[in-house]
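Structural characterization, general
One-letter residues, chain by chain:
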Amino acid sequence: MSKRSPYSSAAITLHWLIALLVIGQFIGIQYAHGLPEGDPSTGTVYMIHKSTGITILALTLIRLIIRLTESFPPLPVHMARWEVILARGTHILFYLLLLIVPLAGWAFAVTPERGLDWYGVLPIPALPLSGARDVLHDVHEIAAQGIFYLFFLHVAGALKHHFLDRDDVLTRMIPALRRTRG
Ligand code: HEM
């Protein structure tokens, strides 16, 4: 097995950074929902959720540009047609949801009356879509649930590749693992 990953280090870094931030979003919003009514930290917790969501949107756009411009490794040849469709479908849906969820959140939660300072330092303007706030709120929640379920499918796929198929699909996203096994 070659020790160098066929992914660029930018692609790998963005993959793990976005994954960590998305997991943080789910934990953070659960925490926010558990806060007692009127808790003084509520505003800050939501500000962090919104700011991190905007950050994920920006990182996803960069990740997409890299995905569309750099060469990327092919899927292993042993995969059946349905597996290829499932893998590619999961990835495309991930990209779509990682754009839709933060965009819907931005559109419903940032309004001219209730603005957002990104981590308290950079004013974020309202999107012109905020007329349909209720629908966008629903889109945000339902699409976020989609990310949640997709996450388990994605991890299950990665583990199947590693432990059952014993190919390099997982290790090419974890260069450290590659070095120890190389
Ligand atoms: C990828 C990025 C994001 C993820 C994964 C995410 C995830 C979530 C989740 C899971 C919920 C809870 C939904 C529920 O109650 O069932 C939520 C709620 C919320 N999100 Fe996000 N979010 C993201 C980005 C954003 C952005 C960019 C904003 C605004 C700028 C935002 C604003 C909100 C607000 C205000 C709520 C609370 C809604 C409520 O409690 O009724 N989110 N988000």
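Everything numeric here is computed off the predicted structure, so don't read it as measured data. (Residues numbered from 1 in each chain as written. Predicted model: local features only at pLDDT ≥ 70, side-chain atom pairs only at ≥ 80, totals over all residues. Heavy atoms only, no water.)

**Quick look at the UniProt feature "transmembrane region" (unreviewed entry) in the protein**
As a reminder of what qualifies: UniProt positions are given in the numbering used here, feature names are shortened, and annotations may be inferred rather than shown by experiment. Comment: elements are numbered from the N terminus, with helices defined as DSSP H or I runs of at least four residues and strands as E runs of at least two.
Under the UniProt annotation, the feature "transmembrane region" (unreviewed entry) is placed at residues 12–33, 45–66, 86–109 and 142–159. The span residues 12–33 carries 100% helix and 0% strand; its end-to-end C-alpha distance comes to 32 Å. What you have in residues 142–159 is 100% helix and 0% strand, and the ends, taken at the C-alpha atoms, are 26 Å apart.

**A few points about the packing of helix α3 (residues 81–109) against helix α4 (residues 133–165)**
Think of two packed helices as two axes; the pair is described by the angle between the axes and how far apart they sit. We apply this condition: Angular values range over 0 to 180 degrees, each being the angle between N-to-C directions of two axes fitted as lines to C-alpha atoms, with helices fitted over their stretch in contact. We call two directions roughly parallel when the angle between them is under 35 degrees, roughly antiparallel when it is over 145, roughly perpendicular when it lies between 65 and 115, and oblique otherwise. Whether a crossing is left-handed or right-handed is set by the direction in which the near helix is turned from the far one by less than a right angle, anticlockwise for left-handed and clockwise for right-handed.
Direction vectors running N to C along α3 and α4 enclose 150°, while the axes themselves pass 8 Å from each other. What the angle tells us is that α3 and α4 run roughly antiparallel. Seen from above, α3 lies across α4 with left-handed handedness.

**Remarks on the packing of aromatic side chains**
Cut-off, in case you're wondering: The pairing test for Phe, Tyr and Trp rings, Trp by its six-membered ring, is centres within 6.5 Å, and the orientation test on the planes gives stacked under 30 degrees, edge-to-face over 60, and tilted for anything in between. The classification of residues rests on relative accessible area computed with a 1.4 Å probe and restricted to protein chains. Under 20% of the type maximum is buried, over 50% is exposed, and intermediate values are partly exposed.
Scanning the model with the defined rule gives 5 aromatic pairs in all. Where W118 meets Y119, the ring centres are 4.8 Å apart and the plane angle is 70°; that geometry is what we call edge-to-face. Measuring from centroid to centroid gives 5.6 Å for F148 and Y149, while their planes differ by 80°, and the two rings are edge-to-face. For Y149, a relative accessible area of 57% translates into the label exposed. A network of ring pairs unites the aromatic residues F26, F148, Y149, F151 and F152 as a single cluster.

**Concerning the nonpolar core**
The condition is simple: To qualify as a nonpolar core, a set must consist of buried Ala, Val, Leu, Ile, Met, Phe, Trp, Tyr and Cys residues joined through side-chain atoms within 4.5 Å. Residue contacts are defined here by distance: any two heavy atoms, one from each residue, within 4.5 Å place the two residues in contact.
Judged by nonpolar contacts, the single largest core of 15 residues is most densely connected at I18, V22, L98 and I147. Taken together, the elements giving at least two residues each to this core come down to α1 (9–34), α2 (42–69), α3 and α4. Setting aside chain neighbours within four positions, we find I147 in contact with V22, F26, F94, L97, L98 and V101. Among the nonpolar cores identified, the runner-up in size contains 12 residues, and L57, A107, A109 and I124 belong to it.

**A closer look at unusual backbone geometry**
In the Ramachandran plot, Y119 falls in the positive-phi region, its phi being about 45° despite a non-glycine side chain. Following the sequence through the fold, Y119 ends up in the loop between β1 (116–118) and β2 (122–124). Of the residues examined, Y119 reaches a relative accessible area of 34% and is grouped as partly exposed. Phi at R166 takes a positive value of approximately 55°, unusual for a residue other than glycine.

**Looking at the side chain of T111**
Rules: Polar contact is defined as a pair of N or O atoms within 3.5 Å, subject to the rule that within protein one atom must be able to donate a hydrogen and the other to accept it, and that residues adjacent in sequence are counted only when both atoms are side-chain atoms.
With respect to the element layout, T111 can be found in the loop between α3 and β1. For T111, the side chain forms a polar contact with the main-chain nitrogen of R114, separated by 2.9 Å.

**Some points on the coordination of the iron atom of the ligand**
Quick note on the threshold: Distances decide who is a donor: an N, O or S atom must be within 2.8 Å of the metal, or within 3.2 Å for Na, K and Ca. Water is not included, so sites may look incomplete. In this scheme the shape depends on donor count and angles: four donors with every angle between 85 and 135 degrees give tetrahedral, four or six donors with opposite pairs above 155 degrees and others between 65 and 115 give square planar or octahedral in turn, and any other case is irregular.
Around the iron atom of the ligand, the protein supplies H49 (NE2) and H140 (NE2) as donor atoms, at distances of 2.0 to 2.1 Å. The site at the iron atom of the ligand holds 6 donor atoms, and with the angles between them running 87 to 179°, its shape is octahedral. Remark: H140 occurs in helix α4 and H49 occurs in helix α2; sequence separation between them is 91 residues.

**Structural notes on the site of the ligand**
As a reminder, the rule being used: The nearness test applies per residue and asks whether one of its heavy atoms lies within 4 Å of the molecule or strand.
Of all residues adjacent to the ligand, which total 21 residues, the nearest are H33, H49, G105, H137 and H140. Here an oxygen atom of the ligand sits 2.9 Å away from a polar atom, N or O, in the side chain of H33. Going through the elements one at a time, α1, α2, α3 and α4 are the ones with two or more residues in the shell around the ligand.

**Considering the environment of H137**
Relative to the assigned elements, H137 resides in helix α4. The class for H137 is partly exposed, based on a relative accessible area of 31%. In the structure, H137 is positioned 67 residues away from E70 in sequence and 35 Å away in space, judged by C-alpha atoms. One polar contact links H137 to E141, side chain to side chain, over a distance of 2.9 Å.

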